[in-house]
Amino acid sequence: MFGEKIDMRRLAISLLVILTMSCQSPDFFRKDIPSLRGRAEEQLIHEFGEPTADKTNTVEQFAQSPERWHQPTQAVLALYPANTPANLSVQIRSLSWQQDRIMITAWLHMQSQRWVVFYAEKWNMDVIE
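Here goes a summary of the coordinates provided. Computed from a predicted structure; not experimentally measured. For every chain, the first residue of its written sequence is number 1, and the numbers climb from 1 along that sequence. Owing to the predicted nature of the model, reporting of local features is limited to residues with pLDDT of at least 70; listing and counting of side-chain atom pairs is limited to 80 or more, with chain, interface and lining totals taken over all residues. Computation of side-chain values: all heavy atoms of the structure, hydrogens and water removed.

**Describing the pairing of strand β4 (residues 102–111)**
Stated formally: The cut-offs for exposure are 20% and 50% of the maximum accessible area for each residue type, with area from a 1.4 Å probe on protein chains only; residues under the lower value are buried, those over the upper are exposed, and the others partly exposed. For helices the rule is a DSSP run of H or I covering at least 4 residues; for strands it is a run of E covering at least 2, with both sets numbered from the N terminus onward. Strand pairing is defined by DSSP finding a minimum of two bridges between the two strands.
Taking burial as the measure, the ten residues of β4 include seven buried ones, the bulk of the element. Pairing of strand β3 (residues 91–99) with β4, which is carried by seven bridges, proceeds in the antiparallel orientation. The partner of Leu95 across the bridge, within β4, is Ala106. Counted between consecutive antiparallel strands, the loop separating β3 from β4 contains two residues, among which Asp100 sits at a positive phi close to 55 degrees. Sheet analysis places β4 next to strand β5 (residues 114–124), joined by ten bridges and oriented antiparallel. From the neighbouring strand, Met103 faces β5, where its bridge partner is Trp123.

Structure follows, in structure tokens:
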């Protein structure tokens, strides 16, 4: 019986260690990349290659998102408030690159005839939000 208690204690400690190691900070799941802000689409492609995904949405689509509290929706609506009718048709592009299990996504808007990053983040696809 004494041996069983020690084994249970070891099991409990092992489970605690595993649980602690698997719980990552929110920064590990998703992290802002401020160094990409202001970069043009061409610079991103030069650095990361051709994107894995390329999507275009309007500000209106972001404004109707059920997850308005998540980035990049907050960044989009801060830059282009939805209560200004002219903003609703503004196009926002997202370009994504997969590097192993890390996904890098940049959101771009048109400035001086070029697509320019206004928000970017990377996230670990192995961690559940």
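**Overview of the environment of Ser96**
Selection rule: Any two residues whose heavy atoms approach within 4.5 Å at even a single point are treated as in contact. Pairing of N or O atoms within 3.5 Å defines a polar contact, subject to two protein rules: one partner must be a possible hydrogen donor and the other a possible acceptor, and residues neighboring in sequence count only if both atoms are side-chain atoms.
When you line up the elements, Ser96 lands in strand β3. With eleven residues separating them in the primary sequence, Ser96 and Trp107 have C-alpha atoms 8.9 Å apart. Ignoring any residue separated from it by four or fewer positions in sequence, one finds Ser96 in contact with Pro51, Thr52, Ala53, Met103, Ile104 and Thr105. Here Thr105 takes part through its side chain, which lies 2.8 Å from a polar atom of the side chain of Ser96.

**Quick notes on the packing of aromatic side chains**
Definition in use: The rule is short: rings of Phe, Tyr and Trp, with Trp giving its six-membered ring, pair when the centres are within 6.5 Å, and they are stacked under 30 degrees, edge-to-face over 60, tilted in between.
Evaluated as defined, the whole model comprises two aromatic pairs. Aromatic pair Phe48 and Trp97: ring centres 5.2 Å apart, planes at 40 degrees, arrangement tilted. Taken together, the positions of Phe48 in helix α3 (residues 41–48) and Trp97 in strand β3 put the pair 49 residues apart, joining distant regions of the chain. The same class applies to Phe48 and to Trp97, which are both buried. Relative to Tyr119, the ring of Trp107 lies with its centre 5.6 Å away and its plane at 35 degrees, an arrangement referred to as tilted. Linking Trp107 in strand β4 with Tyr119 in strand β5, this pair joins segments that are twelve residues apart in sequence. For Tyr119, a relative accessible area of 7% gives the class buried.

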